[in-house]
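A look at the structure
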Amino acid sequence: MTDRRRNLFILLLVFGLLATSLAVIATKPTRLGLDLQGGVELIYEAQPTRDAEVTSDALDRAIDIMRQRVDQLGVAEPELQRAGSNQIQVSLPDVSNAERAEEQVGQVAQLYFYDWEPNVIGPDGEPAPNDPEVTGGPQAGSATFGIPLYDAVRRAAQRPATNPDKATTESRFYLLDTKNEKVVAGPEGSREDLFAERTETKPGPDEEVVEVKPGTIVVRAQVPDDAAPPDRWYVLNDAPALKGTDIKDPEQNFDNGPGGSGQPIVTFGFTSHGREVWQEVTREIAQRGQANQVPGTDPSTAAQHFAIVLDDELISVPFIDYQQNPDGIDGVNGSQIEGGFTIDSAQELTNLLKTGALPLRLELISQSQVSATLGQQALDEGLIAGAIGFLVVALFLLTFYRVLGIIAVGAMTVYGIYLFALVKLIPVVMTLPGIAGLVLTLGVAADANIVIFERIKEEVRAGRSIPAAITAGYKKGLAAIIDANVVTIVVAFILFVLATAGVKGFALMLGLGTIVSLFTAVLATQAVLGTLGSTRLMARRSALGAGVERPPRLIDFMGMSKWFFLVSGLILVVGALAIGGKGVPLGIDFESGTRITTALEQPTDVDGVRDALAGVGYAGAEVQQVTNDELGDNAFLISGDIPPDAVPQIQNQLEDEFGGTPEFSNQSIGPTFGASVARSAIIAVIASLLVISVYIAMRFEWKFAVPIAIALVHDILIVAGTYALTGREVTAATVAALLTIMGYSLYDTIIVLDRVRENVPRMPRAAFSQIVNRSLSEVLVRSLATSFSTLLPVLALLLLGGETLTDFAFALFVGVLSGAYSSLFIATPLLTLWKDREPQWEMRAKRIKAYFGTIPAFATPMPGMTAIDVEPPAPKRRRGSVTAPQDPTQVSREEFDEMVQDLHVEPGKRTQTVEEEPKPKRGSAEDLQPEDLVMPRRDDKPRANKPRKPRNKRHGRPR
């Protein structure tokens, strides 16, 4: 296929994909994440129960049950997925009641029925069926007669293991503060789990670990409707009469029968086994109540009860009316649970009973809630930042590259359409970090074009025709582009696998954007340039931004390396002192805690909010008044060590005190989740360093990988020191920024290394430091241009991306600057110091030093030396000769081609240079003096496509 047909085919493919993409954008909806449309996100950690271990099948079963519960909530497009090895993430768009969602979705729903009076444990550790102070008498199960949790755990710990066949749990462990008489941690399945969220691994001086053995459980007293859970508990003999699996067909109804109260109730039927047991248990309870009746008193005072326990909480303790049901309750027609229900709470219990019990115990370790207003504000800010980022990058490309810039802007526009269509087609849930990734990939797309455009400008300035320059530019720039983008894709993949949900969106967008940019920058742009290369539009070099031909400004980078090392050392020392003195402020992603942003209906001040928090036990929380266009002037930021399950309680308190919380958003991270985020961040950084080092070692050589890894660590330390100096919080998004910085730092480094690799065979007698100096001088503009094009969209994010993305964009801004510096002035000098000690480079350096007395920054030839073609042709094919200039070491391939053109030699014909002095024999390198000889490579030489004559196969002679 000819180049023209190939370009035409690619352009047709581009336009076909463009039309398809526009159709997808017009017809497919965009899925917005919770941070952009509002909603609730819950993250649970699965823990084993007596009947099930945490396995893949158990997690999948738990997700199925949770999905059924979510469907009953009526949530549109919920998302439930596994996160890590033992976590479940639940995203509920447009849900504003986090408390209700948490109660219904994550409850284990282990439902048990107990005969109440014979199983309530008294102070002596034995059942006390006739002591109303223990059982509650007519008010059985109420908070009035319960005891504090500390006392209940102490009472339960006295009992030995019992009921091995009926017990619902294994041993449970509690950590007690004996001085203040409170429970510090628990219940947990092992002693070690008590300290999972603490730095200590054993109890403190006033602490004690106690074990509640199988056969005894501690249950919370009944919670009055719309009231905070009381610290009142009962100790039960763990011998349930019925399980939740023994009932069927639960429904929410109303007590409308004869003499009914009309209140909401829950009705259900029984399995055959459940009906039989129910009859026996209620008969026994009725008979016991009848035996306790005292003549002349209210029969209800002698009535006995059964208890319904759901996940260690008493939800109902109804009595059996022995007068109406002297022989118990026949389960043929089912039964009902009544007392204290609202319609919502009765419906929630019905849903839990319908879906059944979760196979695992779920602990809420993270909870986030975003109001719809703040979500819309974040979306608007992200889109504005993206639009401004696109405009400034486009303006830079147009100014710097003229016609090439127009083509690049068109390619970026096509890239944006492709990527947005891909997001809708997969579909990808668009989050705020995802928008940040989308904005950042604008820099990726621009970088690929810049690498190629700079190559094209070099070829044009060297005297090539514009079509030939385009072909050569793409051929020489392709390797650097592929290397750099492969590293970016690998980093994005590591982020996606190991990061949290929000950062996953960023990683996915970064990876998709990089892949799409390879298509638009390499194939689409090349096809356009190949088509327009022979037109009048690109007939002049100035149209490409090439300008007049100027030799590169040669800079002695290696001579100044000690100053570069000194500057980096000073920066790192200052950063280390800041980290050691002030520390790196870690956000709640790592240290756990809660951050609440809320507007209040009634005006108040910081002290008023602090007093309200003191009413629910969080007086130590930090309160700040914030000003926000969407929230108004009466908005506050609350942060502190608040567990995720306490957030609904704080919201209720604020609503009671100040008339409502019209805009309420929060992020709450438990210690377990914070530890897993920190662990994943460390693994991601280490994995990225290892993968990058292996890739560089494969593409170049292993000695290139070590200085690059040192430079990457240098960039990470500089960012950490800057955060310590400025007091910014390090979040999970900051880790994503650090990994992205590593990719971009490597991008610049690969550009330099690729030119070093290219110049090594072209300068066969120069010292390594001289090769590096020339390479850095040649790619300096290109490296700075790629960094600048990346900084432009990052700066747009920093200034316009809103408060949520500020820390993320700040890390990227500092890191890209540091990466551009380290790739030029740290990684390459370190590589030079190492390579100079290799025998072959050491020998070259000795020869140069023996002749000149020192090693010049740029090689200077011995007078009279001339350039020799790599592969001299036979004399009969010689079409002309060129006399070498005074300084043959400065003869580049492009200059060589120009000399050939001056002789009017046809392309593809071989030429040979001659010398003023007799030419030494080929291969006698020891007879030559060191020189910076830029020699044409074999694969760069134009060759004549002359057909060979057919030869005799047997004798090899022409026929």
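Here we summarise the structure given alongside this text. (Residues numbered from 1 in each chain as written. Predicted model: local features only at pLDDT ≥ 70, side-chain atom pairs only at ≥ 80, totals over all residues. Heavy atoms only, no water.)

This part covers the overall build of the chain. Helices and strands together make up the secondary structure of the chain, namely 25 helices and 22 strands. Relative to its 959 residues, the chain shows a buried fraction of 51%. Accessible area of the chain: about 43,600 Å², with a carbon and sulfur share of 55%. (Helix = DSSP H or I, 4+ residues; strand = E, 2+ residues; numbered from the N terminus. Buried < 20%, exposed > 50% of the residue type's maximum accessible area, 1.4 Å probe, protein only. Areas by Shrake-Rupley, 256 points an atom, 1.4 Å probe, with all protein chains shown as cover.)

Counting buried residues along strand 20 (residues 663-669), six of its seven residues qualify, which places the element largely inside the surrounding structure. One ladder, built from seven bridges, connects strand 17 (residues 593-599) with strand 20; its direction is antiparallel. Bridge pairing in strand 20 links arginine 595 to glutamine 667. (Pairing = 2+ DSSP bridges.)

Looking now at the nonpolar core. If you look at the biggest cluster of nonpolar residues, it comprises 135 residues, and the most contacted ones within it are Leu397, Phe453, Ile456, Leu529, Ile692, Ile696 and Phe808. Among the nonpolar cores identified, the runner-up in size contains 26 residues, and Ile285, Leu310, Ile315 and Leu352 belong to it. (Core = buried A, V, L, I, M, F, W, Y, C linked by side-chain atoms within 4.5 Å.)

In this structure, alanine 612 sits in helix 17 (residues 606-614). The sequence separation of alanine 612 and glutamate 655 amounts to 43 residues, and the corresponding C-alpha distance is 10.0 Å. Beyond its immediate chain neighbours, meaning those up to four positions away, alanine 612 contacts Gln653, Leu654, Glu657 and Phe658. (Contact = heavy atoms within 4.5 Å.)

Here we come to the sheet that holds strand 11 (residues 247-254). Strand pairing in a sheet takes place through backbone hydrogen bonds and is either antiparallel or parallel in direction. As summarised here, the arrangement of the three strands in space is 11-12-15, forming an open sheet in which the pairing is antiparallel. Only two strands of the sheet have a single neighbouring strand rather than two, namely strand 11 and strand 15 (335-337). Taking the axes of each pair of neighbouring strands and ignoring which way they run, one obtains an average angle of 30 degrees across the sheet. (Axes fitted to C-alpha atoms, helices over the stretch in contact; angles between N-to-C directions.)

As enumerated under the stated definition, the model contains seven cavities of 30 Å³ or more in all. Counted as a void, the second largest cavity has a volume near 60 Å³. Taken together, Asp447, Tyr744, Ser745, Tyr747, Asp748, Thr786, Ser787, Thr790, Val816, Gly819 and Ala820 make up the lining of the second largest cavity. Broken down by secondary-structure element, the contributors of at least two residues to the lining of the second largest cavity are helix 21 (732-762), helix 22 (768-800) and helix 23 (803-835). Per element, the largest residue contribution to the lining of the second largest cavity is four residues, and it comes from helix 21. Its residues assigned to classes, the lining of the second largest cavity shows four nonpolar, five polar and two charged. (1 Å grid on protein atoms, 1.4 Å probe; cavity = no way out; pocket = protein on both sides within 12 Å on 5 of 7 lines; lining within 4 Å. Points joined across faces, edges and corners; volume = space filled by probe spheres on them. Nonpolar A, V, L, I, M, F, W, Y, C, P; charged D, E, K, R; others polar.)

Between its first and last C-alpha, helix 18 (residues 647-658) extends 16 Å over twelve residues, near the 16 Å set by a 1.5 Å rise per residue. Taken together, the buried positions of helix 18 are occupied by Val647, Pro648, Ile650, Gln651, Gln653, Leu654 and Phe658. Looking one or two residues past helix 18, glycine 659 carries a phi angle of roughly 80 degrees, positive in sign. (Expected span 1.5 Å × (residues − 1).)

As a further point, take a nonpolar patch on the surface. Side chains of Ile384, Ile388, Leu391, Val392, Leu795, Leu799 and Leu800 sit close together on the surface and give an oily, nonpolar patch of about 580 Å² of accessible area. Ranked by residues supplied to the nonpolar patch, first place goes to helix 10 (residues 372-401) with four residues. Within the secondary structure, isoleucine 384 is located in helix 10. (Patch = residues over 30% accessible without salt bridge, like charges linked within 9 Å, V, L, I, M, F, W, Y side chains within 5 Å. Salt bridge = Lys/Arg side-chain N within 4 Å of Asp/Glu carboxyl O.)

Before going further, it helps to examine the sheet that holds strand 5 (residues 172-177). The strand order across the open sheet formed by three strands is 6-5-7, and the pairing between neighbours is antiparallel. Among the strands making up the open sheet, the edge pair consists of strand 6 (182-188) and strand 7 (207-212). On average, adjacent strands in this sheet sit at an angle of 20 degrees to one another, irrespective of strand direction. The pairing of strand 5 with strand 7 spans six bridges and is antiparallel. Bridged to leucine 176 within strand 7 is glutamate 208. Set on the sheet, helix 6 (residues 149-157) makes contact with strand 5, strand 6 and strand 7; between it and strand 7 the angle comes to about 55 degrees.

The next subject is the pattern of salt bridges. Using the criterion set out here, one finds 21 salt bridges in the structure. In this structure, arginine 455 and glutamate 758 form a salt bridge, with 2.4 Å as the shortest nitrogen-oxygen distance. Here arginine 455, found in helix 12 (residues 432-461), pairs with glutamate 758, found in helix 21; they are 303 residues apart in sequence, far enough to count as distant. As far as the burial class goes, arginine 455 and glutamate 758 line up, both buried. Note that glutamate 778 and arginine 774 form a salt bridge whose closest N and O atoms lie 3.3 Å from each other. Taken together, the positions of glutamate 778 and arginine 774, both in helix 22 and four residues apart, correspond to about one turn of that helix.

In this model helix 15 (residues 561-581) runs 30 Å from its N-terminal to its C-terminal C-alpha over 21 residues, within 8% of the 30 Å that 1.5 Å per residue would give. What helix 15 keeps buried is the set Ser561, Phe564, Ser568, Gly575 and Ala578. Projected onto a plane normal to the axis of helix 15, the buried residues spread over an arc of 120 degrees and lie on a single side. With respect to the buried face of helix 15, the exposed residues turned more than 90 degrees away are Lys562, Trp563, Leu570, Leu577, Gly580 and Gly581. Positioned one or two residues after helix 15, glycine 583 has a phi angle of 80 degrees, which is positive. (Arc of directions from axis to C-beta.)

What follows concerns the side chain of serine 91. Relative to the helices and strands, serine 91 is located in strand 3 (residues 87-93). There is a polar contact of 3.3 Å between the side chain of serine 91 and the side chain of glutamine 89. When neighbours within four sequence positions are excluded, serine 91 is seen to be in contact with Leu34, Val40, Glu41, Pro78 and Glu79. (Polar contact = N/O pair within 3.5 Å; in protein donor to acceptor, adjacent residues only side chain to side chain.)

Our focus in this paragraph is the packing of helix 12 against helix 21. Where helix 12 contacts helix 21, the two axes come as close as 12 Å, and the packing angle between them is 10 degrees. Taken together, the axis directions place helix 12 and helix 21 in an arrangement best described as roughly parallel. Taken together, the residues of helix 21 that come into contact with helix 12 (itself represented by Leu440, Gly443, Val444, Asp447, Ala448, Val451, Arg455 and Glu458) are Thr740, Tyr744, Tyr747, Ile751, Asp754, Arg755 and Glu758. (Parallel < 35°, antiparallel > 145°, perpendicular 65-115°, else oblique.)

In this structure the tally under the stated criterion is 16 aromatic pairs. With 5.4 Å between their ring centres and 70 degrees between their planes, tyrosine 821 and phenylalanine 825 make a pair best called edge-to-face. Of this pair, tyrosine 821 and phenylalanine 825 both sit in helix 23, four residues apart, which is roughly one turn of that helix. Taken together, the ring pairs in this structure connect Phe113, Phe268, Phe270, Trp278 and Phe306 into an aromatic cluster. Residue placement shows arginine 728 over the ring face of phenylalanine 810; its charged tip is 4.2 Å from the ring centre. (Phe/Tyr/Trp six-rings, centres within 6.5 Å; stacked < 30°, edge-to-face > 60°. Lys NZ or Arg CZ within 6 Å of the ring centre and 35° of its normal.)

A grouping of Asp605, Asp611, Glu655, Asp656 and Glu657 is seen on the molecular surface, where their side chains present a negatively charged patch. Tracing the backbone through its elements, the reader meets glutamate 655 in helix 18. Using a relative accessible area of 30% as the deciding quantity, one classes glutamate 655 as partly exposed. (Lys, Arg positive; Asp, Glu negative; His and termini not counted. Charge placed at Lys NZ, Arg CZ, Asp CG, Glu CD.)

Next up on the list: unusual backbone geometry. Cis geometry marks the peptide bond from glycine 186 to proline 187, where omega comes out at 0 degrees. Its location among the elements puts proline 187 in strand 6. Between isoleucine 426 and the following residue, proline 427, the backbone shows a cis peptide bond with an omega angle of -10 degrees. Here proline 427 lies in the loop between helix 11 (403-425) and helix 12.

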